[in-house]
Amino acid sequence: MSGQAVRQRFVKQFRGLSVHSRRVSLFIVASYVVQVAVAIGIGFHELQRPLTPASGLLLGLLALFIATRLRGFNNIVHECSHFAFTQRREDNARFGSFCAAMVLGSFSDYRDEHITHHAHLGDYDQDMDLQGIRDLHLEEPLTPRTVLRHVVRPLLGLHLPYYLRANLSGRDGAGFRAMKIGLIAAAVAFLLVDPLAALLLVWLPFVWIYPSINYWTDCIDHAGIVSAGEELDASRNFRAPRLLRAVLFPRNDCFHLVHHLFPQVPTQHLEACHEAMLADPDYRAHAGGPKHPAETAFGRVRAAVQSALTS
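In what follows, the accompanying structure is described. All values reported here derive from a predicted model rather than from experimental measurement. Residue numbers here run from 1 along each chain, matching the order of that chain's written sequence. A pLDDT threshold of at least 70 governs which residues receive local features in this predicted model, and a stricter bar of 80 or more applies before side-chain atom pairs are shown or counted, although totals over entire chains, interfaces and linings include all residues. Calculation of side-chain values draws on the structure's entire complement of heavy atoms; hydrogens and water are dropped beforehand.

### Overview of the packing of helix α3 (residues 53-81) against helix α4 (residues 89-102)
Put simply, the rule is: Orientation is described by axes fitted as lines to C-alpha atoms, over the contacting stretch for helices, and by angles from 0 to 180 degrees between their N-to-C directions. By the criteria applied, helices consist of DSSP H or I runs no shorter than four residues and strands consist of E runs no shorter than two, each listed in order from the N terminus. We call two directions roughly parallel when the angle between them is under 35 degrees, roughly antiparallel when it is over 145, roughly perpendicular when it lies between 65 and 115, and oblique otherwise. By definition, turning the near helix anticlockwise from the far helix through less than a right angle yields a left-handed crossing, and turning it clockwise yields a right-handed one. Any pair of residues with heavy atoms lying within 4.5 Å of one another is described as a contacting pair.
Where α3 contacts α4, the axes come no closer than 8 Å and their chain directions differ by 150°. Relative to α4, the element α3 is oriented roughly antiparallel. When the axes of α3 and α4 are compared, the crossing they make is left-handed. Residues L70, F73, I76, V77, E79 and C80 of α3 form the contact with α4, whose participating residues are N92, F95, G96, C99, A100 and M102.

### Remarks on the packing of aromatic side chains
Test applied: Each Phe, Tyr or Trp ring (for Trp, its six-membered ring) is paired with any other whose centre lies within 6.5 Å, and the angle between the two planes then decides the class: stacked below 30 degrees, edge-to-face above 60, tilted in between. Burial classes follow relative accessibility: with a 1.4 Å probe on protein chains only, a residue under 20% of its type's maximum area counts as buried, one over 50% as exposed, and anything between as partly exposed. Lysine NZ or arginine CZ positioned within 6 Å of the ring centre and within 35 degrees of the ring normal marks a charge as sitting over the ring.
With the rule as written, the count across this model stands at eight aromatic pairs. Seen from their ring centres, F10 and F14 are 5.6 Å apart, and the 20° between their planes marks the pair as stacked. In this pair, F10 and F14 both sit in helix α1 (residues 3-14), four residues apart, roughly one turn of the helix. Their ring planes at 45° and their centres at 5.7 Å tell us that F238 and F249 sit as a pair that is tilted. Taken together, the positions of F238 in the loop between α11 (231-234) and α12 (242-248) and F249 in the loop between α12 and α13 (256-261) put the pair eleven residues apart, joining distant regions of the chain. The exposure class assigned to F238 is partly exposed, which follows from its relative accessible area of 35%. With a relative accessible area of 6%, F249 lands in the buried category. In this structure an aromatic cluster arises from ring pairing among F10, F14 and F262. Above the face of the F83 ring, R89 is positioned so that its terminal group lies 3.7 Å from the ring centre.

### A closer look at the layout of surface pockets
Basically, it comes down to this: A pocket here means an open set of points on a 1 Å grid, computed over the protein atoms alone, that has protein on both sides within 12 Å along at least five of seven lines. A cavity is instead a set of points where a 1.4 Å probe fits but cannot get out; residues with an atom within 4 Å of a point line either one. Grid points are joined across faces, edges and corners, and a volume is the space filled by probe spheres set on the points. Note on residue categories: nonpolar means Ala, Val, Leu, Ile, Met, Phe, Trp, Tyr, Cys or Pro, charged means Asp, Glu, Lys or Arg, and polar means any other residue, Gly included.
In this model, the largest pocket occupies a volume close to 920 Å³. If you go around the largest pocket, you meet 37 residues; those closest to its centre are N74, Y110, D129, R165 and N214. Elements supplying a minimum of two residues to the lining of the largest pocket: α3, α5 (107-119), α6 (128-131) and α10 (195-222). If one sorts the elements of the lining of the largest pocket by residue count, α10 sits on top with eight residues. Per-class residue counts for the lining of the largest pocket are 15 nonpolar, 14 polar and eight charged. The space that makes up the second largest pocket amounts to roughly 510 Å³. Lining the second largest pocket are 20 residues, with M102, L183, A187, V202 and F206 positioned closest to its centre. The leading source of residues in the lining of the second largest pocket is α10, at six residues. Broken down by class, the residue content of the lining of the second largest pocket amounts to 20 nonpolar, no polar and no charged.

In structure tokens:
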């Protein structure tokens, strides 16, 4: 069964789902900026005192948290590339450009590349999202050896040549280019003033942890299945507890199969769409969801009783 068939069954139901207003979108983006600033402030304050095992653990958690907020900016860029983050098309470009600048990227370049990912998923010659990481072989089956390789590679920094990038082009406008240069200058100045704080709270999250999260997320989304040829088989969902999802999947990007089927659906609706599609046996077989009640033993007995009573 093709993804197109599943899409046709639900396209009317998912059409016209609400999108964030400009005010709500601004609040979301500002909240990520504040979260990064507060986390850096807490870490900086902690470093003014003698280090203890507890403070070392806190600093490690703060570095991880900051990296997940950078991932949140990256996710918003992704949503804006589908014009699904905020209501107005031009606002998606503005918010996308700002969030891209926060992670030293280019919204325009990302949007052009990501279009090819949906049009040619798994085709390394045409899928520009995956073309740059083809040497990492996400298409290989998930044997214990390949899983171990995907886990260990970021720990050794072997992913950095593929995921650590700074795009200083001016395609998004001179203002956003200046913003990126300003962020780099501020990070360098922070390094000169307080090397330890800068390394732990700025450089480590951006240079190492954030690229690692991006790599592992790509593995969760597509590793072992990206070359399946059918979109129902080439992407997967990852059901994480809500608290863990809020930290590691800050914009509901764990529902990646749903996104590939309905890329224009705003992320706040992805879980509800997933739950709705679980009633479809073809989607459920690929999404790994629980069996529909009618397919369980109890469900079959109940259906038989109901049939007998109504016959």
